[in-house]
Structures are given as C-alpha cells and as structure tokens.
Amino acid sequence: MPELPEVETVARDLQRRVAGAVISDAEVRWERTVRHPQPADRFVAELRGATIRRVGRRAKSVLLHLADGRVMTVALRMTGALIVAPAGTPEDPYARVVFRLADGRELRYRDVRKFGRIGLWERGGLVRRTPQRGAKRKILERRAAYRVGDVFARHGPEPLARSFSAERFAARLLGRSARLKTLLIDQSFIAGVGNIYADEALWRARLHPLRAANTLTAVELRRLHRAVRAVLRQGIANRGASFADYVGADGEPGANAEQLAVYRRTGQPCLRCGREIVRIVVGQRGTHFCPRCQRVAGAPDGDLA
Ligand SMILES: [Zn+2]
C-alpha cells in the first residue's frame, strides 16, 4: 500500500507532467471510484474544461489543485496508480477513471483492486470539526459546505512539515499509552505513515514496536522524531518502495524496497547487529524488528518477541 513517500513521488511526477494541462473530458469506468460528487456523470460534468494548476499531497492522497480553486483528491489505497499515458498508448483494462487532456495525453487512474477513491471538492473547509463516520459522513458530503479541508479533518499533521518539530511530536505522544507501532500508523496521530515506514522508523530509533508511547525518555522521543522523518525522506529520494502495484506516474516502480532495513526481512540479519529480524503481529499488522537492537527497556533479550 502506498505510503507518504510513494504518494509524494506520484505527486511530484504529476507536477512535472500535468501542471498547466486542461482536462477536456473524463470517463468513469468504475462508478464506486468516484466518492464526490455523485453520480459519476456529475463528477465528469463538473470537471470538464478544468485546468490543473499544481499537484501536491496531503496524507496518503494526491491533490490536484485546479485553477479555479477546487481540489481533486485521489486516495490510492491498496493498488491505485496515476499514470500519464501519451496519445496512442494501448488501453489499460484496469483504468477505472480516464482523464483526457486537451493535448491528447491521458491521465489514467489505474486500480486493480478498486479500493481507491477520487473526489472533487470546493476549496477551504480547513476548520476542525467533530469527525463523522459512515452514513452521517455521506449526508454531510452532499452539502455544499463540505470542502477539501473536511476530507482531511481527521488526519494528524504532516511529519515532513517544517512545523512538525520534535517538541510538537513529543507533545502529541505525551499521555498516549498506545503501543508505538499502533500509534505511528494511526492517521489521526500523524499523516502518511503506514506499515513499511513505521517498522523502519522504529528500527532506526532502536525502539520496540510494542513499547507504550508514554514510556519514552526525552532522548528516545527525539530519536524517534528524527527516525520518522529520515525514513520518509529516504523513501522519497528512492522514489518509494514497490512491493506489488505501486508505480510512479511514469509507470516505473520505486527503488526503496531494496533499501529497507527490517520491513519484510524476516529471518535475514539485522544490518546493525546481525541478529535475525523477527516478525510479530501488532493490531493485525505484520511488524518487523530486531530483537537485539529494539528491546523493551529493562526486558531481557528477545522478550515479548
Ligand atoms: Zn539489530
């Protein structure tokens, strides 16, 4: 599943390739991919003629900022990809939404497993409000006042933002008794970190994934803050990690999977101490760590593993 570095790579690719492009038409081939507005015909009608001003990212979503201020959000989820196809590129049977650009190219939303969602929203709405779930959220989304900011109202801060200081990170962790692994992948705690980069950050910071967040010392807090940012930056530098379907907007996989220290390296030697990496399950998520480098404070070697 694409996490912050993978989505950031897609956004940067698209910024280079489609910023300034005009969407002359769109075709929705899988209705449920369109989250807002509905039905899909309305989504297409409202998009026709729009100019893409710039492409960015928030959490694990690609944001296409349109010239009139509206924002199209693309949540890639499990297998989503945004690919720029030059005119004459063969049809893609997994393209769920095709955006036709005025210059003849196509921006294709490809999604094998169809979990991804695309929405078109008015600007603004960044004020935090009570989170809504399920049916209640759907009703809210039909209201005109529901804006792009509301889509991300439940998301925590961006870990690579300059404002995300060690102090702010420490303040957010304070009083949280959740296990570190669980907390790091919680999108309302910080945005964009998933299974891969949580495991990598904890290994780098030499912290056990089952450690309770509120037991960290000031030194450990700073180490974890640095580690989270470092693994995300490395991921972006390597254009993301490809395990299954993730590709950049050029259709090419990223190179970060080979650079990972613990994720999916079960049974292989720790790059720091040589001990075998182990895998446990935390909150239904496979979790990889080194039982020697990442001990629970005071616990004997390998305890809790
Ligand atoms: Zn180790």
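Keep in mind that this is a model prediction, so the values were computed, not measured. (Residues numbered from 1 in each chain as written. Predicted model: local features only at pLDDT ≥ 70, side-chain atom pairs only at ≥ 80, totals over all residues. Heavy atoms only, no water.)

Caption draft 1: Expanded view of the overall build of the protein chain. Counting secondary structure elements, the protein chain contains eight helices and eleven strands. The C-alpha atoms of the protein chain give a radius of gyration of 20 Å, which matches the 19 Å a tight globule of 305 residues would have. In terms of overall dimensions, the protein chain has a C-alpha envelope of 65 × 40 × 30 Å along the principal axes. Counting all 305 residues of the protein chain, 52% fall into the buried class. Counted over contacts in the protein chain with a minimum sequence separation of 6, partners at least 24 positions apart contribute 63%. For the protein chain, the accessible surface area stands at approximately 14200 Å², while carbon and sulfur atoms represent 49% of it. (Helix = DSSP H or I, 4+ residues; strand = E, 2+ residues; numbered from the N terminus. Rg over C-alpha atoms; globule rule 2.2 N^0.38 Å. Buried < 20%, exposed > 50% of the residue type's maximum accessible area, 1.4 Å probe, protein only. Contact = heavy atoms within 4.5 Å. Areas by Shrake-Rupley, 256 points an atom, 1.4 Å probe, with all protein chains shown as cover.)

Caption draft 2: Representation of the sheet that holds strand β2 (residues 34-36) within the structure. Ordered in space as β2-β9-β5-β4-β3-β1-β7-β8-β6, the nine strands form an open sheet in which the pairing is mixed. A strand with exactly one partner marks an edge of an open sheet, and here the two such strands are β2 and β6 (80-85). When strand polarity is set aside, the average angle formed by the axes of neighbouring strands in this sheet is 30°. Alignment of strand β4 (residues 61-66) against strand β5 (residues 71-75), held across five bridges, turns out to be antiparallel. In the sheet register, L63 faces β5, and the bridge partner there is T73. On the sheet, helix α1 (residues 4-18) packs against β3 (50-58), β4, β6, β7 (95-101) and β8 (106-111) and is oriented at approximately 155° with respect to β3. (Pairing = 2+ DSSP bridges. Axes fitted to C-alpha atoms, helices over the stretch in contact; angles between N-to-C directions.)

Caption draft 3: Broad picture of the coordination of the zinc ion. C270 (SG), C273 (SG), C290 (SG) and C293 (SG) make up the full set of protein donors to the zinc ion, lying at 2.2 to 2.4 Å. In this structure, the zinc ion is coordinated by four donor atoms arranged in tetrahedral fashion, with angles at the metal of 98 to 113°. Every donor residue of the zinc ion comes from the same chain, spaced as C-x2-C-x16-C-x2-C. In this pair, C273 is assigned in the loop between α8 (218-237) and β10 (278-282) and C293 in the segment after β11 (285-289), connecting sequence segments 20 residues apart. For C273, a relative accessible area of 28% corresponds to the partly exposed category. Note on C293: relative accessible area 15%, which makes it buried. (Donors = N, O, S within 2.8 Å, 3.2 Å for Na, K, Ca; no water. Tetrahedral: all angles 85-135°; square planar, octahedral: opposite > 155°, others 65-115°.)

Caption draft 4: Seen up close, the packing of aromatic side chains. Scanning the entire structure with this criterion turns up three aromatic pairs. Centroid distance F164 to F169: 5.7 Å. Interplanar angle 65°. Geometry classified as edge-to-face. Residue F164 is classed as buried on the basis of its relative accessible area, which comes to 1%. Taken together, a centroid distance of 6.2 Å and an interplanar angle of 55° make the contact between F169 and F189 tilted. Taken together, the residues span a long stretch of sequence, with F169 in helix α5 (residues 166-173) and F189 in the loop between α6 (180-184) and α7 (195-204) at a distance of 20 residues. Classification of F169 as buried rests on a relative accessible area of 0%. Classification of F189 as buried rests on a relative accessible area of 0%. Put simply, the rings of F164, F169 and F189 touch in pairs and so form one group of aromatic residues. Looking at K114, its charged tip hangs above the ring of W30, at a distance of 3.6 Å from the centre. (Phe/Tyr/Trp six-rings, centres within 6.5 Å; stacked < 30°, edge-to-face > 60°. Lys NZ or Arg CZ within 6 Å of the ring centre and 35° of its normal.)

Caption draft 5: View of the environment of R113. Along the polypeptide, R113 turns up in the loop between β8 and β9 (117-121). Taking the relative accessible area as the measure of exposure, R113 reaches 47% and is therefore partly exposed. The sequence separation of R113 and Y146 amounts to 33 residues, and the corresponding C-alpha distance is 28 Å. Apart from the residues lying within four places of it in its own chain, the contact partners of R113 are M78 and T79.

Caption draft 6: Molecular detail of the nonpolar core. Residues L14, F43, L47, V62, L82 and F99 are the most contacted members of the largest nonpolar core, which totals 34 residues. Other than its neighbours up to four places away in sequence, L82 contacts V10, L14, V62, V74, L76, L107, R108, Y109, G248 and A249. F164, L184, Y197 and L202 belong to the second largest nonpolar core, which has 32 residues in total. (Core = buried A, V, L, I, M, F, W, Y, C linked by side-chain atoms within 4.5 Å.)

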